[in-house]
Amino acid sequence: MLIEFTLNSENVSVDVPAYFRLSDVLRDEFGLHGLRNACRKGYCGLCSVVLDGKLVYSCLIPVFQIRGREIMTIEGYSKTDDFEDVYKGFKKEGVHLCDYCAPTRTLTTGILLDRYARPDEHQLMEILTTVTCSCTPYETLKKGILSAARFRQRRLQ
Ligand code: FES
Ligand code: FES
């Protein structure tokens, strides 16, 4: 099935079986390896991408559903000013993520900070738990997220 869509601001097409997972197509057909196929069951969040402005788990989406829609992955997001805010916020607070989760953690944090410009405790937990990680302390991550939010607020003032 030929599927046309927008990927990281470019019009693209791919010819694959309609039931293929979006995560597999993005990785295998487009070489976008920032997202991970970890659990493949909607538990870990490591396959998150942005679909029409909203975070989704790409392992749960059959590729035919993205016809005519817009996808952004960390590879596209890393070219934005929003990415810089998250990068600087994490760096300032000494958030050292592993290579496995860092791309998706950065993407999900940035996208959720669009929604929660000054996240409260509840919103912080939502941002934290979007991606599974048991090796970086939540307190460190929280500081990084709040610092990223401050960088963004200053830039947008
Ligand atoms: S690989 Fe998609 S949620 Fe874990
Ligand atoms: S820092 Fe990457 S999974 Fe915990």
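Data block above holds the structure.
Residues numbered from 1 in each chain as written. Chains lettered and ligands numbered in written order. Predicted model: local features only at pLDDT ≥ 70, side-chain atom pairs only at ≥ 80, totals over all residues.

(A) Region of interest: the overall build of the protein. The helix and strand tally for the protein stands at six helices and five strands. Listed N to C, the secondary structure of the protein is β-β-α-β-β-β-α-α-α-α-α in terms of helices and strands. By the compact-globule yardstick of 15 Å for 157 residues, the protein fits well, its C-alpha radius of gyration being 16 Å. C-alpha extents for the protein along the principal axes are approximately 45 × 35 × 25 Å. When burial is assessed residue by residue, the protein has 35% of its 157 residues classed as buried. Considering only residue pairs separated by 6 or more positions, the protein has 61% of its internal contacts joining residues 24 or more positions apart. (Helix = DSSP H or I, 4+ residues; strand = E, 2+ residues; numbered from the N terminus. Rg over C-alpha atoms; globule rule 2.2 N^0.38 Å. Buried ≥ 20, exposed ≤ 12 C-beta atoms within 10 Å, placed from the backbone. Contact = placed C-beta atoms within 7 Å.)

(B) Quick look at the environment of Ala-18. The residue Ala-18 is located in the loop between strand E2 (10-15) and helix H1 (22-28) in this model. Every residue in contact with Ala-18, bar those within four places of it in the chain, is listed here: Met-1, Pro-62, Val-63 and Phe-64.

(C) Region of interest: helix H4 (residues 102-115). With 14 residues, H4 should reach 20 Å at 1.5 Å per residue; the first-to-last C-alpha distance of 20 Å fits that figure. Among all positions in H4, only Pro-103, Thr-104, Arg-105, Thr-106, Leu-107, Thr-108, Thr-109, Gly-110, Ile-111 and Leu-113 are buried. Buried residues belonging to H4 abut strand E3 (48-51), strand E4 (54-57), helix H2 (74-77), helix H3 (81-92), helix H5 (121-129) and helix H6 (138-156). (Expected span 1.5 Å × (residues − 1).)

(D) Representation of the environment of Leu-107 in the model. Mapped onto the secondary structure, Leu-107 falls in helix H4. Note on Leu-107: 28 C-beta atoms within 10 Å, which makes it buried. C-alpha of Leu-107 to C-alpha of Thr-73: the two residues are 34 residues apart in sequence and 7.7 Å apart in space. Contacts of Leu-107, omitting those with residues within four sequence positions, involve Ser-48, Ile-74 and Tyr-77.

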